[in-house]
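Descriptive structure summary
Each chain is listed here by its residues.
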Amino acid sequence: MADLKAFEQRAQEAEALVASLESELKKLREGAEAEAVQRLTKENQELKSKVAEAKNKLRAVEIANGKLQVPLPGETPAATTKSAPAAKAATPAAAAAPAAAATPAAAAAKPAGKADKAAAKADKPAEAKADKGEKKAKDAKPAKDAAPKKEAAEPAAEKVDVSRVAFKVGKVVDAKKHPEAEKLYLETIDLGEAQPRTVLSGLADHIPLDQLQGRLVVLCTNLKPRKMRGIESQAMIMCANNGEKVEIIDPPAGSVPGDKIVFPDYPGEPDAELNPKKMIFEAVQPDLKTDDKCVATYKGSPFTVAGKGVCKVQTLINSSVK
């Protein structure tokens, strides 16, 4: 009897162990599925970002070379708006032709001598020629209007390089998490100006807050300010990114807030504020990269603070800068 009870107890323990193992196995499966979903979601977002970046670069290059953009479906194409005046202009000419043709007929219905008939016949070719001349003159007007539009597009072939983008050294005076966005930091940055600037950056998943406080950084300062979750961002912290890791670009030793970043091979004064419609930054950004020595560059020309040195990251080589 004691053996039977011991057997039943062992059976119950075995069932409990099996149930526990099944529960653990279920948790492991759910964790693996969640991890796979996160990984695929991240890869999908990266691919979308790369496609959007490639489209922006292509569009910017086309605009810079004066190539007109084809309107999206649903928009009114330019050819349609130009043809409307021509169609309207043709209407009076078309109406005039029957009127001209009716004139000899009406004259023929009246009793007239040979001289009147001959005069009517002579008038018909003259009226037809006049109508044709008038129609040609009206049809030619849209063509004249189109010429200035083509000429207006040609000045778009302006210089597009990094000299038009303003980069400066700034110091993070304060940094905290955005009150309404977990992945955003809200920073107050001294750029050597009368007032510090408010900057929002998506660094919460990559850089701890204690590594930002009091740090010198490189910023793009002439982008048009834009609101993110209700707060206006007035500049952008520049970082290197290889798709897995993000590192902030460090100015050279001795830099102070307000120091300008220059590029030895691309002299020139930056725009006061970049026009978003011209997409200058989007055209320049794909050529912003770190080299094999961790130096931030534009087409091989280093981010430089005159008399102090070049800007670098800690470890990321041959990585995109943005």
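A brief report on the enclosed structure follows. Here the structure is a predicted model, which means the values were calculated and not measured. (Residues numbered from 1 in each chain as written. Predicted model: local features only at pLDDT ≥ 70, side-chain atom pairs only at ≥ 80, totals over all residues. Heavy atoms only, no water.)

**Some words on the sheet that holds strand β3 (residues 197-201)**
- In spatial order, the strands read β3-β2-β1-β4-β7; together these five strands make up an open sheet with antiparallel pairing. Where the open sheet ends on each side, the last strands, each with one partner, are β3 and β7 (236-237).
- Pairing geometry for strand β4 (residues 216-220) and β7, over two bridges, is antiparallel. Bridge pairing links L219 to I237 in β7. (Pairing = 2+ DSSP bridges. Helix = DSSP H or I, 4+ residues; strand = E, 2+ residues; numbered from the N terminus.)

**Structural notes on the packing of aromatic side chains**
- Taken as a whole, this structure holds four aromatic pairs when the rule is applied.
- Considering the side-chain rings of F167 and F263, the 5.9 Å spacing of their centres and the 65 degrees angle between planes classify their relative orientation as edge-to-face. You can see F167 sitting in strand β1 (residues 167-178) and its partner F263 sitting in the loop between β9 (246-248) and α4 (280-284), a full 96 residues away along the chain. Residue F167 shares its accessibility class with F263, and that shared class is buried.
- Relative to F303, the ring of F263 lies with its centre 4.8 Å away and its plane at 70 degrees, an arrangement referred to as edge-to-face. Separated by 40 residues along the polypeptide, F263 in the loop between β9 and α4 and F303 in the loop between β12 (301-302) and β13 (304-305) bring together distant segments of the chain. The same class applies to F263 as to F303, namely buried. (Phe/Tyr/Trp six-rings, centres within 6.5 Å; stacked < 30°, edge-to-face > 60°. Buried < 20%, exposed > 50% of the residue type's maximum accessible area, 1.4 Å probe, protein only.)

**Some remarks on the pairing of β4**
- For β4, the buried fraction is high: four of the five residues fall into the buried class.
- With five bridges connecting them, β1 and β4 associate as antiparallel partners. Pairing of F167 across the sheet is with C220, part of β4.

**Notes on the side chain of R164**
- Relative to the helices and strands, R164 is located in the loop between α3 (114-153) and β1.
- A residue is classified by how much of its surface remains accessible, and R164, at 10% relative accessible area, is buried.
- A polar atom in the side chain of R164 sits 2.8 Å from the backbone oxygen of K159.
- If sequence neighbours within four positions are ignored, R164 has contacts with E158, K159, N222, P270, D271, L274 and I280. (Polar contact = N/O pair within 3.5 Å; in protein donor to acceptor, adjacent residues only side chain to side chain. Contact = heavy atoms within 4.5 Å.)

**Let's talk about unusual backbone geometry**
- Despite not being glycine, M279 has its phi angle at roughly 55 degrees, a positive value.
- Summarising the element assignment, M279 is placed in the loop between β9 and α4.
- Residue classification places M279 among the buried positions, given a relative accessible area of 11%.
- Positive phi is not limited to glycine here, since N318 has a value of about 50 degrees.

**Regarding the pattern of salt bridges**
- Using the criterion set out here, one finds nine salt bridges in the structure.
- A salt bridge links E158 to R164; its shortest N-O distance comes to 3.7 Å.
- In this structure E158 comes out as partly exposed when scored by relative accessible area, which is 32%.
- Linking R215 and D250 is a salt bridge whose minimum nitrogen-to-oxygen distance equals 3.0 Å. (Salt bridge = Lys/Arg side-chain N within 4 Å of Asp/Glu carboxyl O.)

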